[in-house]
Amino acid sequence: MTKQKILIQLDTDNRSSVFDSITAIDSGIDHLLCHHDVTPQNVTEIVHGAIFTRGPADLKSTAIFVGGSDVGFGEQVFERIKGSFFGPCRVSAMLDSNGSNTTAAAAVLSAAKHVNLAGIQATVLAGTGPVGARIAEILARSGASKVKITSRSAERAADTCQIIQQKTEINDVLVPTVLDNVESIADAVGESSIVFACGGAGITLWPKSHWPISQCRVAVDVNAVPPLGIESIGATDSATEIDGTICYGAIGVGGIKMKIHKLAIQKLFESNEQMLDIVEIYQLGQSLVEKNQ
Amino acid sequence: MTKQKILIQLDTDNRSSVFDSITAIDSGIDHLLCHHDVTPQNVTEIVHGAIFTRGPADLKSTAIFVGGSDVGFGEQVFERIKGSFFGPCRVSAMLDSNGSNTTAAAAVLSAAKHVNLAGIQATVLAGTGPVGARIAEILARSGASKVKITSRSAERAADTCQIIQQKTEINDVLVPTVLDNVESIADAVGESSIVFACGGAGITLWPKSHWPISQCRVAVDVNAVPPLGIESIGATDSATEIDGTICYGAIGVGGIKMKIHKLAIQKLFESNEQMLDIVEIYQLGQSLVEKNQ
Amino acid sequence: MTKQKILIQLDTDNRSSVFDSITAIDSGIDHLLCHHDVTPQNVTEIVHGAIFTRGPADLKSTAIFVGGSDVGFGEQVFERIKGSFFGPCRVSAMLDSNGSNTTAAAAVLSAAKHVNLAGIQATVLAGTGPVGARIAEILARSGASKVKITSRSAERAADTCQIIQQKTEINDVLVPTVLDNVESIADAVGESSIVFACGGAGITLWPKSHWPISQCRVAVDVNAVPPLGIESIGATDSATEIDGTICYGAIGVGGIKMKIHKLAIQKLFESNEQMLDIVEIYQLGQSLVEKNQ
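Keep in mind that what you see is a predicted model, and the values were worked out from it rather than measured. (Residues numbered from 1 in each chain as written. Chains lettered and ligands numbered in written order. Predicted model: local features only at pLDDT ≥ 70, side-chain atom pairs only at ≥ 80, totals over all residues. Heavy atoms only, no water.)

> Sorry if this is basic, but what is going on with helix 6 (residues 154–168) of chain A here?
Because the α-helix completes a turn every 3.6 residues, residues three or four places apart line up on one side. Residue and element names in this part refer to chain A. Taking 1.5 Å per residue as the helical rise, helix 6 with its 15 residues ought to reach 21 Å, and the 21 Å between its terminal C-alpha atoms agrees with that figure. Within the span of helix 6, buried status applies to Ala-157, Thr-160, Cys-161, Ile-164 and Thr-168. On an axial view of helix 6, the arc spanned by its buried residues comes to 95 degrees, and they lie on one face. Exposed residues lying more than 90 degrees from the buried face of helix 6 are Glu-155, Ile-163 and Gln-166. (Helix = DSSP H or I, 4+ residues; strand = E, 2+ residues; numbered from the N terminus. Expected span 1.5 Å × (residues − 1). Buried < 20%, exposed > 50% of the residue type's maximum accessible area, 1.4 Å probe, protein only. Arc of directions from axis to C-beta.)

Here you go:
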């Protein structure tokens, strides 16, 4: 008899995300076990409960999802999960704290519908946060020739570039760029064909007064709370051409983000060895786009 | 494919009510997402998780239930839920903190099996609490000519009457009545054909020494913990004639209360626009009684 | 219509055991209601929610599981559950805090495959804890002629023997035995044909230097964390003959433990009157062994 599909939904916040719960159910799981206030310290016992209950052949029907608002803390929990397995006694797991992986994958895939990423130049505005860094990583791995990461702080921009370089072993592509004044937006965009805005809620990174910039063919804003990061883009814009630039707002990439999220949950149950972080989740998104073409 | 029916069970207490969970499951929902310690402050994020995960056509398969022991606090949460929707991005919701709405509806419907509410005179003993006020509101809306609300405090009785008048815009029906001495019960009942006892657990409002009162044809006691509010009635009495008065105890109205509760949960999933408070829940109860006739 | 099978999983710890949740789902339940931080004080309201929602004929489809790391506290919660029923308004319940009952049953059943318990002599090393005391109780009830319970403390050994004697009304079988030095292991084992090691994680009770002891035909170690309680036994040993002694490690008894656990959950839903503690769970284990012969 096939085992019921159990998703253990771990949240690093003090309440389990209803968004993540409903998306999990809509992905076809049978039972959801929600746990909040999960930390690197207490996650091991949860993992042991997951791996020591079912036989090896059935472990693919148990999986773990890590969510919560703090992406860095979610990454620590995800690492500890990997370290809690015993050989074949393991279950698949997915990291998507604050929707960071599915959002980053959806943002890049949206742009990639319109341009070839190989050899492209790109700018990730306010790219030192978890979504921005993931977008930059995917661009570098996809063969971009230059990826500028902007920040108000030269140090943070340099740190983020270095972390991605170490992780990807791709050198001479990531370029830390200081952007501490909206008037300098044209310099920050420079020769980039695609621009992603990843700033905090309500912070305008690219004002209307400097719109459009002719080199930029696709612009994606992942901030859904107005005022938006790119003032000319509306949150629901989806492949909308505005003054010659193809534009996506946060809700505009939401459709593909949800599809990637559900596909990733389903992928967890194909074997007990899936560890889905940004690279794997972006690949899933690519397979989705190819299938729909 | 039809979406799974998800009920988000919100509890304002620090533990989700097992009673509400089992009743929800018996109403036919597929998945229950339980959240406790819910407040007007933290409910908005939960609501957003509910309304931003499924497409408009599928939102009728997600619904919210508000329970918990504090009815006033539950009302605040319910109001905040209504205020967290964005146009068509909304889900159905039901308020039944402490079983107040289903109990009040069941109590009035039990009495209405034996008398015509239009033009009737009624007394709601200790009627300033959430169940009593809801019973009085339903009686006023059903065309009662006079509804006395008793309290030990003249001020609380007057306040409760005023709140119901403002809400219903029905004047000259609700009569605040002081009852601070069980010896005055005959005056409090007066010409009322139906009497509801809504006092706290273990407080006798109508002692045996003053039983029966000839004008009263139906008496309903919603307190299940002895000593009961109407001393002559047993908790399991259900349409039991005692000395010429038709009597209902708390457990005696429990059967119809459970049916109303389940019908209300099912109603939530008919569309994404149901907001079930006392008026809507009483109407559901009426449809149930009519169907069974 | 048959009601959905609801298991109310109560945990005395501050997080519901994922191990217990998955095992419950694999036992065939439909819905799991998890509650943590359960105490004798707050369990009554949970029980009332369980017994007052469904009609008498349907109460067999609701059941309660008590788990958590503190067996003594779990026993208090279990007692309070029994005291919260009202006549026929009751549901089945099972106690298995820290896996104590299923582990003890599995350990004794493993040994009983190789020897006849009637008239046997046995030693339970470090037998004053919850698993050890349960093993000793089952041995006494199964007709053992002598059951030594060892402890570093004469008082604790005597107390445990007295509690089991009072509970079983079996006298002259249980023998409190001081074992405060591993060099005395041969005396502690004495004429015993079966030996169980129930010490804490990482405490060696029977060193290799004193292995084997010729009288001992079967040795079972319930400690899974090395160094193990019986140094010669590996955690995965299962009916493994080592120097003439048949040996079981903690993981070696795990298979039958899981089967007993699942069978016990299923038993809960046969009627609403099952109260499964060590005696009933051992009997279930026996029926399982007989069926498989």
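> Would you mind showing me how to read the relation of the copies chain C and chain A here?
Laying chain C over chain A is done by rotating through 120 degrees and shifting 0.0 Å along the axis; what remains is an RMSD of 0.0 Å. Viewed as a symmetry operation, the transformation between the two copies matches a three-fold axis. Among all residues of chain C, the one whose C-alpha sits closest to the rotation axis is His-31 of chain C, at a distance of 4.8 Å. (Least-squares fit on C-alpha atoms with pLDDT ≥ 70 in both.)

> Honestly, unusual backbone geometry in this entry has me stumped. Any pointers?
A cis amide bond links Trp-211 of chain B to the next residue, Pro-212 of chain B, at an omega of -10 degrees. Locating Pro-212 of chain B in the fold gives a position in the loop between strand 8 (194–197) and strand 9 (218–221). Of note in the backbone geometry, Asp-243 of chain B takes a positive phi value of approximately 55 degrees without being a glycine. Residue position: Asp-243 of chain B is located in the loop between strand 10 (238–242) and strand 11 (245–248). Unlike most non-glycine residues, Asp-172 of chain C shows phi in positive territory, near 65 degrees. Relative to the helices and strands, Asp-172 of chain C is located in the loop between helix 6 (154–168) and strand 7 (174–178).

> In this structure, what is going on with the domain arrangement of chain A? I would like to understand it.
A common way to state how big an interface is: give the accessible area lost once the parts meet. Residue and element names in this part refer to chain A. One can read the domain layout of chain A as domain 1 (6–99 + 256–292) and domain 2 (103–253). Placing a centre on the C-alpha atoms of domain 1 and another on those of domain 2 gives a separation of 28 Å. Contacts between domain 1 and domain 2 engage 15 residues on the former and 16 residues on the latter. Where domain 1 abuts domain 2, roughly 1300 Å² becomes buried across the two surfaces, and 70% of that area is made up of carbon and sulfur atoms. Interface area lost by domain 1 to domain 2 is led by Ile-256, Ile-278 and Tyr-282, which between them contribute 49%. Taken together, domain 1 and domain 2 are joined by 2 salt bridges. Asp-277 is the salt-bridge partner of Arg-134, the closest N and O atoms lying 3.7 Å from each other. Counting across the interface, domain 1 meets domain 2 through 4 residue pairs in polar contact (both at pLDDT 80 or more). (Domains from an automatic or database assignment. Contact = heavy atoms within 4.5 Å. Buried area = accessible area lost by both parts, 1.4 Å probe. Salt bridge = Lys/Arg side-chain N within 4 Å of Asp/Glu carboxyl O. Polar contact = N/O pair within 3.5 Å; in protein donor to acceptor, adjacent residues only side chain to side chain.)

> Quick question: what am I supposed to make of the interface of chain C and chain B here?
Contacts between the two partners involve 18 residues from chain C and, on the opposite side, 14 residues from chain B. For chain C, the biggest contributors to the area lost against chain B are His-31, Leu-33 and Thr-53 of chain C; these three give 40% of the whole. One can count 2 salt bridges joining chain C with chain B. For the salt bridge of Lys-3 of chain C with Asp-26 of chain B, the shortest nitrogen-to-oxygen distance reads 3.8 Å. Inspection of the region where chain C meets chain B yields 4 residue pairs in polar contact (both at pLDDT 80 or more). Going through the elements one at a time, strand 1 (6–11), strand 2 (31–35) and helix 2 (43–51) of chain C are the ones with two or more residues in the side of chain C that touches chain B.

> In this structure, what is going on with the sheet that holds strand 6 (residues 146–151) of chain C? I would like to understand it.
Note: strands within a sheet are paired through backbone hydrogen bonds, in either parallel or antiparallel orientation. Residue and element names in this part refer to chain C. Within the open sheet, the 7 strands sit side by side as 7-6-5-8-9-11-10. Their pairing is mixed. Unpaired on one side and paired on the other, strand 7 and strand 10 (238–242) mark the two borders of the sheet. Looking at each pair of strands side by side, their axes are set apart by 20 degrees on average, direction ignored. In this structure, strand 10 lies alongside strand 11 (residues 245–248), joined through 4 bridges in antiparallel fashion. In the sheet register, Ile-242 faces strand 11, and the bridge partner there is Thr-245. Along the sheet, helix 6 makes contact with strand 6 and strand 7, crossing strand 7 at roughly 170 degrees. (Pairing = 2+ DSSP bridges. Axes fitted to C-alpha atoms, helices over the stretch in contact; angles between N-to-C directions.)

> How should I be thinking about the packing of helix 4 (residues 100–112) of chain C against helix 9 (residues 278–291) of chain C in this particular structure?
Packed helix pairs are characterised by how far apart their axes lie and by the angle those axes make with each other. Residues and elements named next belong to chain C. Remark: helix 4 packs on helix 9, axes separated minimally by 9 Å, with the N-to-C direction vectors making an angle of 45 degrees. As far as their axial angle goes, helix 9 and helix 4 are oblique. Relative to helix 9, the crossing made by helix 4 is right-handed. Contacts from Asn-101, Thr-102, Ala-104, Ala-105, Val-108 and Leu-109 of helix 4 reach helix 9 at Ile-278, Ile-281, Tyr-282, Gly-285, Gln-286 and Val-289. When its residues are assigned to classes, the contact of helix 4 with helix 9 shows 8 nonpolar, 4 polar and no charged. (Parallel < 35°, antiparallel > 145°, perpendicular 65-115°, else oblique. Left-handed = near helix turned anticlockwise from the far one by under 90°. Nonpolar A, V, L, I, M, F, W, Y, C, P; charged D, E, K, R; others polar.)

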